[in-house]
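What follows is the residue order along each chain.
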Amino acid sequence: IPTPNIHFPRVHLAGPLPRLDGDDAAAAVRPLLLFYVGWNYDTRMRLVELYRSDADPAIFVRRKVAPPEFRANIVRARFCPVCGGFSQWTPRLAEIIYAECVPVLLSPNLLPPFSGILNWSAFSVRLNPSQRTLANLKTILRGLDYSRLVAGVRAAKMALQYRLDSYQGDDMLPLLMYEMWRRVSRPMPRVADDQRATQLYNDIDPARDYDAGTLQ
């Protein structure tokens, strides 16, 4: 759909995180295969129902934890799911990349920041959030090339952060300026009236009461 909108990260960041130097070090420092905390909305609820009682010590999935526990565990994880919601962006995505955890995009509708510039397949995984996929998520993640993906996360990390103290040319500002130039330097294609978009799709069923906290 032709659109002048630019998707860029909304973040709030924790303190410095440990650096990893390859798969062996990553396996030693990051014992968690999968880390997720959240609730409400379909995929999030199904993910928590499937794994919150999992006895595998490499799995940490909860409905809710205290902020210190969240920060302590996200930097111990190799893969972190990002589920869909009301919009095509989420601050969780930038937070995960800052923590050097490989994002697992469990949404067909989520549009990552700078998706026309960055090769997201080099540092994230997109999966169809079907019940079968979620049930086999541990097997799927263990079959991925984690070393390649986490190297991509580290390479892309600075491009998804803001520097508010001293700009050194290594944050997201050049990408944002380039993306703005791309949008204003080319004319928007004409779209027939019967093909105009009235809304962007998301992962929410508007007829459902998610506040009830129950699966359907």
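What counts as what
- Residues numbered from 1 in each chain as written.
- Predicted model: local features only at pLDDT ≥ 70, side-chain atom pairs only at ≥ 80, totals over all residues.
- Heavy atoms only, no water.
- Helix = DSSP H or I, 4+ residues; strand = E, 2+ residues; numbered from the N terminus.
- Buried < 20%, exposed > 50% of the residue type's maximum accessible area, 1.4 Å probe, protein only.
- Contact = heavy atoms within 4.5 Å.
- Areas by Shrake-Rupley, 256 points an atom, 1.4 Å probe, with all protein chains shown as cover.
- Pairing = 2+ DSSP bridges.
- Salt bridge = Lys/Arg side-chain N within 4 Å of Asp/Glu carboxyl O.
- Disulfide = S-S within 2.5 Å.
- Axes fitted to C-alpha atoms, helices over the stretch in contact; angles between N-to-C directions.
- Expected span 1.5 Å × (residues − 1).
- Arc of directions from axis to C-beta.
- Core = buried A, V, L, I, M, F, W, Y, C linked by side-chain atoms within 4.5 Å.

*Asks:* Honestly, the overall build of the chain in this entry has me stumped. Any pointers?
*Replies:* Check the secondary structure of the chain and you find eight helices and five strands. Listed N to C, the secondary structure of the chain is α-β-α-β-α-β-α-β-β-α-α-α-α in terms of helices and strands. Buried positions account for 43% of the 216 residues belonging to the chain. Across the chain, every contact between residues at least 6 apart in sequence was considered, and the portion connecting residues at least 24 apart equals 69%. Roughly 12,100 Å² of accessible area belongs to the chain as shown, and the carbon and sulfur atoms make up 53% of that amount.

*Asks:* Can you walk me through the pairing of strand 4 (residues 102-106) in this structure?
*Replies:* The side chains of a regular strand alternate, first on one face of the sheet and then on the other. Within strand 4, five of the five residues are buried, leaving the element largely enclosed by the surrounding structure. Here strand 4 shows two buried faces, one formed by V102, V104 and L106 and the other by P103 and L105. In the sheet, strand 3 (residues 77-83) pairs with strand 4 via five bridges, with the strands oriented parallel. Residue pairing for strand 4: V82 is matched across the bridge by L105. Strand direction decides the pairing type here: strand 4 and strand 5 (residues 125-126), joined by two bridges, are parallel. Directly across from V104, in strand 5, lies its bridge partner V125.

*Asks:* Explanation requested: the pattern of salt bridges in the structure shown.
*Replies:* Working definition: two side chains of opposite charge can pair if their charged atoms are close together. Scanning the entire structure with this criterion turns up nine salt bridges. With a shortest N-O distance of 3.1 Å, R52 and E49 are connected by a salt bridge. Residue R52 is classed as partly exposed on the basis of its relative accessible area, which comes to 36%. Judged by relative accessible area, which is 36%, E49 ranks as partly exposed. Salt bridges linked by common partners bring D54, D56, K138 and R142 together as one network.

*Asks:* Sorry if this is basic, but what is going on with the state of the cysteines here?
*Replies:* Covalent bonding between the sulfur atoms of two cysteines is what defines a disulfide. Counted according to the given criterion, the structure contains one disulfide. Each disulfide pairs two cysteine sulfurs, and for C80 the partner residue is C101, the sulfurs being separated by 2.2 Å. For the disulfide bridge between C80 and C101, the dihedral angle about the S-S bond is near 100°, and by the sign convention the bridge is right-handed. Taken together, the residues span a long stretch of sequence, with C80 in strand 3 and C101 in the loop between helix 4 (91-98) and strand 4 at a distance of 21 residues. Look at C80 and you get buried, because its relative accessible area is 1%.

*Asks:* Can you walk me through the sheet that holds strand 3 in this structure?
*Replies:* The strands making up a sheet are joined through hydrogen bonds of the backbone, oriented either antiparallel or parallel. Read from one edge of the open sheet, five strands run 2-1-3-4-5, paired in parallel fashion. Whereas interior strands pair on both sides, the edge strands pair on one side only; in this sheet they are strand 2 (59-62) and strand 5. Bridge count between strand 1 (residues 32-37) and strand 2: four bridges; the pairing is parallel. Counted as the bridge partner of L34 is I59 from strand 2. Across the face of the sheet, helix 2 (residues 42-51) comes into contact with strand 1, strand 2, strand 3 and strand 4 while running at roughly 125° to strand 2. Contacting strand 1, strand 2 and strand 3, helix 3 (residues 67-74) runs over the sheet at an angle of about 150° to strand 1.

*Asks:* What's the story with helix 8 (residues 173-185) in this structure? I'm lost.
*Replies:* One turn of the α-helix equals 3.6 residues, which is why residues spaced by three or four share an orientation. Along its 13 residues, helix 8 runs 18 Å from first to last C-alpha, staying within 8% of the 18 Å computed at 1.5 Å per residue. All of the buried residues in helix 8 are L175, L176, E179 and R182. In a view along the axis of helix 8, the buried residues occupy a sector of 125°, so they form one face of it. Pointing more than 90 degrees away from the buried face of helix 8 are the exposed residues W181 and V184.

*Asks:* Looking at this structure, I do not really get the nonpolar core. What am I missing?
*Replies:* Across soluble globular proteins, nonpolar side chains have a tendency to be buried as a group. Core analysis: the biggest nonpolar cluster contains 53 residues, and F35, L47, I74 and F79 have the highest contact counts within it. The element contributing the most residues to this core is strand 1, with six residues. Aside from chain neighbours lying at most four places away, what touches F35 is F60, F70, N73, I74, A77, F79, C80 and P81.

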